[in-house]
Amino acid sequence: ASFGPPKPYTNALALKAAEAKWQRNENDVGSSEVQIARAHARIKYLTEHLQRNPKDYASRRGLVAIVNKRRRLLNYLFRQDPQKALSMVKDLGIRFKPPGAVLTRAEKY
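This structure is a prediction, so every number in the text was calculated from the model and none was measured.

Conventions used here
- Residues numbered from 1 in each chain as written.
- Predicted model: local features only at pLDDT ≥ 70, side-chain atom pairs only at ≥ 80, totals over all residues.
- Heavy atoms only, no water.
- Helix = DSSP H or I, 4+ residues; strand = E, 2+ residues; numbered from the N terminus.
- Rg over C-alpha atoms; globule rule 2.2 N^0.38 Å.
- Buried < 20%, exposed > 50% of the residue type's maximum accessible area, 1.4 Å probe, protein only.
- Arc of directions from axis to C-beta.
- Axes fitted to C-alpha atoms, helices over the stretch in contact; angles between N-to-C directions.
- Parallel < 35°, antiparallel > 145°, perpendicular 65-115°, else oblique.
- Left-handed = near helix turned anticlockwise from the far one by under 90°.
- Contact = heavy atoms within 4.5 Å.
- Nonpolar A, V, L, I, M, F, W, Y, C, P; charged D, E, K, R; others polar.
- Salt bridge = Lys/Arg side-chain N within 4 Å of Asp/Glu carboxyl O.
- Expected span 1.5 Å × (residues − 1).
- Polar contact = N/O pair within 3.5 Å; in protein donor to acceptor, adjacent residues only side chain to side chain.

Here we come to the overall build of the protein chain. Across its full length, the protein chain holds 5 helices and 0 strands. Sequence-ordered secondary structure for the protein chain, helices as α and strands as β, is α-α-α-α-α. For 109 residues, the compact-globule estimate of 2.2 N^0.38 gives 13 Å, and the protein chain exceeds it by more than 25% at 17 Å. Its C-alpha atoms put the protein chain at 60 × 40 × 20 Å along the principal axes. The proportion of buried residues among the 109 residues of the protein chain is 31%.

It helps to recall that an α-helix has 3.6 residues per turn; residues three or four apart then point in one direction. If you check which residues of helix α4 (residues 82-92) are buried, you get A85, M88, V89 and L92. Projected down its long axis, α4 carries its buried residues within an arc of 100°, all on one side. Structural note: α4 exposes Q83 and K90 on the side pointing more than 90 degrees away from its buried face. Residue G93 follows α4 closely and has a positive phi angle near 75°.

Our next topic: the packing of helix α2 (residues 32-52) against helix α3 (residues 57-80). Running from N to C, α2 and α3 cross one another at 155°; their axes reach a closest spacing of 9 Å. By the angle between their axes, α2 is roughly antiparallel relative to α3. Crossing of α2 against α3: the hand is left-handed. Residues S32, E33, Q35, I36, A39, H40, R42, I43, L46, T47, H49 and L50 of α2 pack against S59, R60, L63, I66, V67, R70, L73, L74, Y76 and L77 of α3. Across the contact of α2 with α3, the residue classes tally to 12 nonpolar, 6 polar and 4 charged.

Okay, the pattern of salt bridges next. By the definition in use, this model includes 5 salt bridges. Between E33 and R24 there is a salt bridge, and its shortest N-O distance comes to 2.8 Å. A residue is classified by how much of its surface remains accessible, and E33, at 5% relative accessible area, is buried. Here the salt bridges share partners, and the residues they tie into one network are K7, E48 and R52.

Its 24 residues place the ends of α3 35 Å apart at the C-alpha level, agreeing with the 34 Å of an ideal helix rising 1.5 Å per residue. Every buried residue belonging to α3 is among S59, L63, I66, R70, L73, L74, N75, L77 and F78, and all of these are buried. Where α3 is buried, its residues meet α2 and α4.

Another point: the side chain of D28. Checked against the element boundaries, D28 lands in the loop between α1 (7-22) and α2. Side-chain polar atoms of D28 contact the side chain of S31, separated by 2.8 Å. Residue contacts for D28: discarding those within four places in its chain leaves W22, Q23 and V34.

Listed below in structure tokens is the structure:
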């Protein structure tokens, strides 16, 4: 048994650190970069939690929702600024496949 700081406290510190690292300015709390970084911190925390509590299906459902939200945010950021998105993916260590172009009916057939 490790007697360090409580896990939720360390998670809150990780969220603050992620927010501080990816902010565009000191008041930025909602840019897509900050949202992706916060989601990444929450995903790491929940993954660790689910390894300790494998039957916690409610948290597993929340984890899947956060992963999907992070993917949608990365897709949006990739459309706006591909270089920023790819540098974030590399820095955070996320597997990311850029979305393919959606073909129109005329292009497809």
